[in-house]
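Spelled out, the chains give:
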Amino acid sequence: MPTLNLFTNIPVDAVTCSDILKDATKAVAKIIGKPESYVMILLNSGVPIAFAGTEEPAAYGELISIGGLGAGVNGKLSETIAEILQIKLSIDSSRFYIKFYDSPRPFFGFNGSTF
């Protein structure tokens, strides 16, 4: 159930969006150690964002997971997602924040219930 919600001020075409979704799904699943079938990625493009007082290309992400997170994993996730955004959207890693949430099972719903 890892869910990565990404926001960027860059408009993203359908092909690039699909590539980012696929790459991020594989990366999150591999790094956290959960099946791809549990991973959800959302990409919100063209969102007004000011970072360090400018509207140059930037991104923000939030990753929520039930377990699997920690200092080492979070660092690897931050590095890998930043790399995907750099390659696909030319967003410098110094213009990307990501926040991590380790959610208790009852606080995340699925299939009409909670985990």
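Residues numbered from 1 in each chain as written. Predicted model: local features only at pLDDT ≥ 70, side-chain atom pairs only at ≥ 80, totals over all residues. Heavy atoms only, no water.

Undergrad: Looking at this structure, how should I read the sheet that holds strand β4 (residues 96-102)?
TA: Across a sheet, paired strands are connected by hydrogen bonds in the backbone, their directions being either parallel or antiparallel. One open sheet holds the four strands; their spatial order is β2-β1-β3-β4, and the pairing between them is mixed. If you trace the sheet from one side to the other, it starts and ends with β2 (40-44) and β4, each paired once. Along the sheet, successive strands turn relative to each other by an average axial angle of 10°, direction set aside. With five bridges joining them, strand β1 (residues 3-8) and β2 adopt parallel strand pairing. Counterpart to threonine 3 in the pairing with β2 is methionine 40. Against the sheet, helix α1 (residues 14-32) touches β1, β2 and β3 (59-65), its axis set at about 140° to β2. (Pairing = 2+ DSSP bridges. Helix = DSSP H or I, 4+ residues; strand = E, 2+ residues; numbered from the N terminus. Axes fitted to C-alpha atoms, helices over the stretch in contact; angles between N-to-C directions. Contact = heavy atoms within 4.5 Å.)

Undergrad: What is the right way to look at unusual backbone geometry in this model?
TA: Trans peptide bonds make up most of the peptide bonds, and negative phi angles are found at most residues other than glycine. Its identity as a non-glycine residue notwithstanding, serine 90 has a phi of 60°, on the positive side. The topology assignment puts serine 90 in the loop between α2 (71-89) and β4. Positive phi outside glycine occurs at asparagine 111, with the angle close to 55°. Relative to the assigned elements, asparagine 111 resides in the loop between β5 (109-110) and β6 (113-114). Exposure remark for asparagine 111: the relative accessible area of 70% places this residue in the exposed category. (Buried < 20%, exposed > 50% of the residue type's maximum accessible area, 1.4 Å probe, protein only.)

Undergrad: Any chance you could explain the pairing of β3 here in plain terms?
TA: Residues in a regular strand project their side chains so that they alternate between the two faces of the sheet. Only one face of β3 is buried, namely the one carrying Ala59, Gly61, Leu63 and Ser65, since none of Tyr60, Glu62 and Ile64 on the opposite face is buried. With six bridges joining them, β1 and β3 adopt antiparallel strand pairing. Considered in β3, the bridge of asparagine 5 is made with glutamate 62. Where β3 meets β4, seven bridges bridge the pair, whose relative direction is parallel. Bridging across to β4, serine 65 finds its partner in aspartate 102.

Undergrad: Explain the environment of isoleucine 20 here, please?
TA: Residue position: isoleucine 20 is located in helix α1. With 23 residues separating them along the chain, isoleucine 20 and leucine 43 place their C-alpha atoms 8.3 Å apart. In this view, isoleucine 20 contacts Val12, Leu43, Ile84, Lys88 and Leu89; residues no more than four positions away in its chain are not counted.

Undergrad: Looking at this structure, how should I read the pattern of salt bridges?
TA: Side chains bearing opposite charge may pair, as long as their charged atoms lie close to each other. A complete count under the given rule lists two salt bridges for this structure. With its nearest N and O atoms 3.6 Å apart, the salt bridge here joins aspartate 23 to lysine 88. Residue aspartate 23 is found in helix α1, and its partner lysine 88 is found in helix α2; the two are separated by 65 residues along the sequence. The partner of lysine 26 in a salt bridge is glutamate 36, with the nearest N and O atoms 3.8 Å apart. Taken together, the residues lysine 26 in helix α1 and glutamate 36 in the loop between α1 and β2 connect sequence positions 10 residues apart. (Salt bridge = Lys/Arg side-chain N within 4 Å of Asp/Glu carboxyl O.)

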